[in-house]
Amino acid sequence: MNPFSALGLDPAICRAIEELGFENPTDIQLKAIPLFLSQASDLIALAQTGTGKTAAFGLPILQNIEPDVRTTQALIISPTRELCMQIASDLKKFSKHLPPVGIVAVYGGSSITAQIREIRHSSQIIVATPGRLIDLIERKVIKLQDVSTVVLDEADEMLNMGFREDMERILAETPEEKITGLFSATMSPDIRRIAATYLKDPVEVTIGKKNTAQQNISHQYSVVQAKDKYTALKRIIDFHEDFYGIVFCTTKAETQELSDHLVRDGYSADCLHGDLAQAQRDKVMHRFRHKAIKALLATDVAARGIDVKNISHIIHYHLPDDIENYTHRSGRTARAGQKGVSIALLHIREAYKLHQIEKLAGVKFERYLIPNGEQVIQARIKNFIEAFKADSDDDAKLKRFKNEWIWPLMELDKEVIVQKLIESELKRMGINYTDAPDINVDETARGSAGRGEKSRGGSWEGGKPGKGGRSGKSGGSGKMVRLFINVGKKDGLKYDEIREMIYKHTKVSGRAVKDIEMKGVYSFFIADHDSADQMRKIKNASFNGRPLRIDLASEQKEGKYNS
Ligand code: AMP
């Protein structure tokens, strides 16, 4: 018997989730589904994000909907627009083989008239943020008298965001006779109070340990000087070739500043913060989901509810002031049983907070040593060689190449080919670590501010960086030079477009073009010596009717955003 059928779920629902690749119920689903289906009692579920809680309440809610009753029968309240949209979209997928169910997501920051139209059309299940829900209740568009199931999702987040009164007011509007499910990642006295006031003899389930961040996340920290944090961030991204992560910042300005600098340095990055219009947010999230952005710089509020699969890293550019946010941040990785890494980038004076987090979030931190330049290069070249060797070497490929391409190379010694191959890969990577020393701060230098614990070494994939000490110089490709190109702001170009243009006409990777400073009709940028030489050979290229020119400007200046 299908394990979901065994829980009492309808075959049409089982078929839909089977198509989504769900084979076995998660722990929270095992506990919540039978309870919600039978409407036996209220439920408090302490469950982290990524445990499958949406299906835990969503599947039984869908099954209990009376298709012929048009009024609202289930209400799911969640803290953010993103989470609302995510839940509504999941419910639609789960109900694919059921008779049509009216599922509407309502949230602020979007046209209320369009939402009113949708609600009037069919709204058997409403997924809402508290503020917009109250607005619609006051306008008498949403009526809750027939609601039989209420879910408070990420209840702790809603309290953190100041929705306490709204939540209480909404709960007071719902009928006495109903089932309530309260889902929260953490259990605080405030959550207890809400539960005691609005839930009746709830069954309480805990998935994983109370107040703990997920177990399949590796929690790590690094200690560097404050001025080296940006360098550390870039090295982490460079070292982990498959880096796909969220970098948490304290302020909107910081997300913007870091994202601008990363883009200027050739990384695919963008930021998410409260000042962005919804359309911009959606665009950023779309690009992030499709991996057009490798590093998403976000504030805590903006990143709430993000459910993106396969996030490899969570970086805390600063630790959160509110410790509970640590759990929420790190829960954005290791979704659906996968593994993930959370790295806190600390400077010496921030290190004391680790104690509190370890105690309150129930995690154990391991030290992560920021790789030096040589380690980055080694790890990347090692990956390249492995991928190169794994690639099939069938004759058919060779036959497609013209003899005049093959023979000149055949004349070269094997060693020369190897050397040139690696050199060209280094250039393609565009990573220059000419002067990239060890930036880890010695643990003992943390003195009383530190945790008084010895380094246990980072958890490294690929070449292990050594502990402490200054590293040697890297195998980069020469010193950096400052270049001039005769296109700029007035040409309406973006940083990436300048990179593309350079690549198109010189075949030098966009990653080699760093620190672009756009002026009126010209720009400056930094590149390594070899790439610069190649770029300066540009000819027969023009833009806006001007022949393109790339020339030496001056030597690179030292600055806040070095490599
Ligand atoms: P949630 O905790 O609801 O945000 O779910 C996290 C992720 O796990 C989502 O991408 C779900 O599609 C996925 N998921 C939920 N339940 C299961 C299951 N039983 N088997 C496999 N994946 C699941």
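Scroll up for the structure.
Residues numbered from 1 in each chain as written. Predicted model: local features only at pLDDT ≥ 70, side-chain atom pairs only at ≥ 80, totals over all residues. Heavy atoms only, no water.

Colleague: Hey, could you go over the overall build of the chain for me, with residue numbers and the actual values?
Modeller: The secondary structure content of the chain amounts to 21 helices and 20 strands. Classification of the 563 residues of the chain by burial places 53% in the buried group. Here the contacts in the chain between residues at least 6 apart in sequence split such that 78% fall between residues at least 24 apart. As presented, the chain carries roughly 26200 Å² of accessible surface, and 52% of it is formed by carbon and sulfur atoms. (Helix = DSSP H or I, 4+ residues; strand = E, 2+ residues; numbered from the N terminus. Buried < 20%, exposed > 50% of the residue type's maximum accessible area, 1.4 Å probe, protein only. Contact = heavy atoms within 4.5 Å. Areas by Shrake-Rupley, 256 points an atom, 1.4 Å probe, with all protein chains shown as cover.)

Colleague: Mind laying out the sheet that holds strand 2 (residues 74-77), listing which residues take part and the relevant values?
Modeller: As summarised here, the arrangement of the seven strands in space is 3-4-2-5-6-1-7, forming an open sheet in which the pairing is parallel. Where the open sheet ends on each side, the last strands, each with one partner, are strand 3 (103-106) and strand 7 (203-206). Strand-to-strand, the axes of this sheet are offset by a mean angle of 15°, without reference to chain direction. When strand 1 (residues 43-46) meets strand 7, the two strands line up parallel, connected through four bridges. Directly across from Leu43, in strand 7, lies its bridge partner Val203. (Pairing = 2+ DSSP bridges. Axes fitted to C-alpha atoms, helices over the stretch in contact; angles between N-to-C directions.)

Colleague: Before we move on, could you go through the side chain of Ser78 and cite the residues and values that matter?
Modeller: Tracing the chain through its elements places Ser78 in the loop between strand 2 and helix 4 (81-94). Among all residues touching Ser78, those that are not within four sequence positions of it are Leu83, Cys84, Ile87, Ala128, Thr129, Pro130, Asp153 and Met158.

Colleague: So what about the environment of Lys92? Which residues, and what values?
Modeller: Its location among the elements puts Lys92 in helix 4. It is 9.1 Å that separates the C-alpha atoms of Lys92 and Gly102, two residues lying 10 residues apart in sequence.

Colleague: I'd like a rundown of the pattern of salt bridges, residues and numbers included.
Modeller: For the structure on display, the rule yields 25 salt bridges. Glu241 is the salt-bridge partner of Arg380, the closest N and O atoms lying 3.7 Å from each other. Taken together, the positions of Arg380 in helix 16 (residues 373-390) and Glu241 in the loop between helix 10 (229-239) and strand 9 (245-248) put the pair 139 residues apart, joining distant regions of the chain. What makes Arg380 buried here is its relative accessible area of 7%. (Salt bridge = Lys/Arg side-chain N within 4 Å of Asp/Glu carboxyl O.)

Colleague: Kindly report on the pairing of strand 3, identifying the contributing residues and their values.
Modeller: By the alternation rule, side chains of strand 3 split into Ile103 and Ala105 and Val104 and Val106, which are all buried. Here strand 3 runs beside strand 4 (residues 125-128); their pairing, made up of four bridges, is parallel. Across the sheet, Val104 pairs through a bridge with Ile126, a residue of strand 4. Handedness of the strand 3-helix 5 (residues 112-121)-strand 4 crossover: right-handed. (Right-handed = clockwise from strand over helix to strand, strands pointing away.)

Colleague: How would you explain the site of the ligand if you had to name every residue and give the values?
Modeller: Near the ligand lie 14 residues; those nearest to it are Asn24, Gln29, Thr51, Gly52 and Thr54. Measuring from an oxygen atom of the ligand, one finds a backbone N or O atom of Thr51 at 3.1 Å. A distance of 2.8 Å separates an oxygen atom of the ligand from a polar atom in the backbone of Gly52. When isolated, the ligand has an accessible area of 490 Å², and the protein chains bury 83% of it. For the shell around the ligand, a count of residues per class yields three nonpolar, seven polar and four charged. Split by domain, the shell around the ligand shows at least three residues from each of two domains, domain 1 (5-206) and domain 2 (217-367). (Near = heavy atom within 4 Å. Polar contact = N/O pair within 3.5 Å; in protein donor to acceptor, adjacent residues only side chain to side chain. Nonpolar A, V, L, I, M, F, W, Y, C, P; charged D, E, K, R; others polar. Domains from an automatic or database assignment.)

Colleague: Lay out the packing of helix 16 against helix 19 (residues 414-429) in plain terms, naming residues and giving numbers.
Modeller: Helix 19 packs onto helix 16 with a crossing angle of 115° between their chain directions and a minimal axis gap of 11 Å. Classified by chirality, the crossing of helix 19 by helix 16 is right-handed. For the pair formed by helix 16 and helix 19, the contact residues are Ile377, Arg380, Ile381, Phe384 and Phe388 on the first element and Leu421, Ile422, Glu425, Leu426 and Met429 on the second. (Left-handed = near helix turned anticlockwise from the far one by under 90°.)

Colleague: An account of the packing of aromatic side chains is requested, with residue identities and associated values reported.
Modeller: Applying the stated criterion across every chain, the model contains 10 aromatic pairs. Aromatic side chains Tyr244 and Phe288 sit 4.8 Å apart centroid to centroid with 35° between the ring planes, which places their arrangement in the tilted category. With Tyr244 in the loop between helix 10 and strand 9 and Phe288 in helix 12 (residues 278-289), this residue pair connects regions lying 44 residues apart in the sequence. Just as Tyr244 is buried, Phe288 falls in that class too. On the numbers, 5.6 Å between centres and 75° between planes, the contact of Tyr522 with Phe524 is edge-to-face. Grouping aromatic residues by their ring pairs yields a cluster made of Phe36, Phe57 and Phe183. One cation-aromatic arrangement involves Lys229 over Tyr317; the distance from NZ or CZ to the ring centre is 5.7 Å. (Phe/Tyr/Trp six-rings, centres within 6.5 Å; stacked < 30°, edge-to-face > 60°. Lys NZ or Arg CZ within 6 Å of the ring centre and 35° of its normal.)

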